[in-house]
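Observations on chain architecture
As a plain string of letters, each chain reads:
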Amino acid sequence: MVLGLLFVAGCATTAGDYREILRRVDRIAGELELDEARKPHEVMVFYGVKAGDKAADIAAFRGYYTAILSGIVGSTGLVYTVNASSRDEFNQRWKSPRFANVRVADGPFDKLALPQDGSLDFVLIHLSYHDVDPGVRGAMNKAILGALKRGGIYGVVDHSAKDGTGNEAIKTLHRIDKFQVIKEVGAAGFTLAKEGNMLRKPEDTRDFNVNKERNKDDRFVLAFQKP
C-alpha cells in the first residue's frame, strides 16, 4: 500500500460552486435537513466532481448523494445508483425525467454491477462502508478499482471509531477505524490521495452508537486514487 498526496494532474478539476445545484436539484422530504450535518457542498468541492463526469453512489439507499451527483454531472454525465438489493420504493425516484442521467445498478457488493471498463471518474460510499460485510469489501473495492479510470477517485466517508479498533465497532456503534479503511482500500490497489476535515468533531469520544445520538460524531472523509 502506498500513501501520499498525489492527485494526478487533470483528475480532480478545480470544483465549482455547487450551492445553486443543491438548491434546485430534486430532493425528497428530509434530505435538505441532512445538509447541515453532511455538508454536501464542502464534500463535493473536496472531491472535485464536475459536469460530464461518470460517477457511482454505492449503498445509495434512498439516493441522497445520487440526486446531488446527478445535478452536478448534468446531462453530459452519468450516475450509477447502487444498493445490494433492489427496492422499488427507492428506484421509482430515478424514473423521473429529471434523473435521466441516473442508472440503477443494484446487486450484491461482491459482484458489484458497475462497468469494468475503467470509464468512471468518481465512486462514493457515504456512511455505509462499515455496513458492508468485511468478507465482501475486498471484492467490492477491486470492482470499484476496475470501474474507475486511471486517476479516478474513490471517496469513503464514514463514522470514526477509536484508532486501532479495526472492525470492532461496526455493529455495536456503527463506526469503523479510519486506518482499517485505509488498509483495506490500499490492499485493493488504491493510493490514499488526501483527507478532508470538514466533518471532523474532535470532541467526539467515539464510544456511542451513532444511530442513537445522530450527527454528534466525528466523520472521516477520504479520497483514494486509482494509480
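Scope of this entry: the structure provided in the associated data block. Chains are numbered independently. Their residues run from 1 in the order of the written sequence. In keeping with the predicted nature of the model, local features appear solely for residues at pLDDT of at least 70, side-chain atom pairs appear and are counted solely at 80 or more, and the whole-chain, interface and lining totals rest on all residues. Based on all heavy atoms of the structure, the side-chain values leave hydrogens and waters out of the count.

The subject of this paragraph is the nonpolar core. Take the buried residues of types Ala, Val, Leu, Ile, Met, Phe, Trp, Tyr and Cys, join any two whose side-chain atoms come within 4.5 Å, and each joined set is a nonpolar core. The cut-offs for exposure are 20% and 50% of the maximum accessible area for each residue type, with area from a 1.4 Å probe on protein chains only; residues under the lower value are buried, those over the upper are exposed, and the others partly exposed. Counting 34 residues, the largest nonpolar core has Ile 58, Met 140, Tyr 154 and Phe 224 as the members making the most contacts within it. Secondary structure elements are defined from DSSP: runs of H or I of at least 4 residues count as helices, runs of E of at least 2 residues count as strands, and each element is numbered from the N terminus. Ranked by the residues each element gives to this core, the list is headed by helix α6 (residues 134–147), at five residues. By definition in these notes, contact holds between two residues if any of their heavy atoms fall within 4.5 Å. Excluding residues within four positions of it along the chain, Phe 224 makes contact with Gly 152, Ile 153, Tyr 154, Val 156, Val 181, Ile 182, Val 185, Phe 190, Thr 191, Leu 192 and Ala 193. In this structure, Val 43, Met 44, Phe 46 and Ala 223 belong to the second largest nonpolar core, which totals 30 residues.

What follows is about unusual backbone geometry. Even without being glycine, Phe 61 reaches a positive phi, approximately 55°. Mapped onto the elements of the fold, Phe 61 is located in the loop between β1 (54–58) and α4 (64–73). Accessibility expressed as a relative area gives 42% for Phe 61, which makes it partly exposed. Located in the positive-phi region is Arg 206, a residue other than glycine, with phi close to 60°. By secondary structure assignment, the location of Arg 206 is in the loop between β6 (191–196) and β7 (219–225).

Turning our eyes to something else, we now look at the sheet that holds strand β2 (residues 78–82). When DSSP finds at least two bridges between two strands, those strands are taken to pair. One open sheet holds the seven strands; their spatial order is β3-β2-β1-β4-β5-β7-β6, and the pairing between them is mixed. Each edge of the sheet is formed by a strand with only one pairing partner; in this case those strands are β3 (102–104) and β6. Strand after strand, the sheet turns through a mean of 20° between neighbouring axes, direction not considered. As judged from the six bridges shared by strand β4 (residues 120–126) and strand β5 (residues 148–159), these two strands associate in the parallel manner. Along β5, the bridge assignment pairs Val 123 with Tyr 154. Most of the contacts of α4 go to β2, to which it runs at about 170°, and overall it touches β1, β2, β3 and β4. Against the sheet, helix α7 (residues 178–187) engages β5, β6 and β7, with an angle of about 15° to β7. Axis geometry follows a simple rule: fit a line to the C-alpha atoms, using only the stretch in contact for helices, then measure angles between N-to-C directions, giving values from 0 to 180 degrees.

This next bit is on the pattern of salt bridges. One speaks of a salt bridge when a side-chain nitrogen belonging to Lys or Arg is within 4 Å of a carboxyl oxygen belonging to Asp or Glu. Here the structure, examined in full by the defined rule, presents 16 salt bridges. The shortest N-O distance in the salt bridge between Asp 53 and Lys 50 comes to 2.8 Å. Two residues, Arg 137 and Glu 184, come together in a salt bridge whose shortest N-O distance is 3.0 Å. Note that Arg 137 is positioned in helix α6 and Glu 184 in helix α7, a separation of 47 residues in sequence. Of the two residues, Arg 137 and Glu 184, neither departs from the other in class, the shared state being buried. Taken together, the shared-partner salt bridges in this structure form one network comprising Asp 163, Lys 178, Glu 195, Arg 200, Arg 206 and Asp 218.

Okay, helix α2 (residues 31–38) next. Helical geometry note: an α-helix holds 3.6 residues per turn, so side chains three or four residues apart project in the same direction. Regarding α2, the residues found buried are Glu 31, Asp 35 and Arg 38. Around the axis of α2, the buried residues are gathered within 85° of arc, so they sit on the same side. Across α2 from its buried face, at more than 90 degrees, point the exposed residues Glu 33 and Glu 36. Looking at the buried side of α2, the elements it contacts are α3 (40–47), α4, β4 and β7. Where α2 ends, the next residue or the one after it, Lys 39, has phi of about 50°, a positive value. Here, the arc refers to the directions that run from the helix axis to the C-beta atoms.

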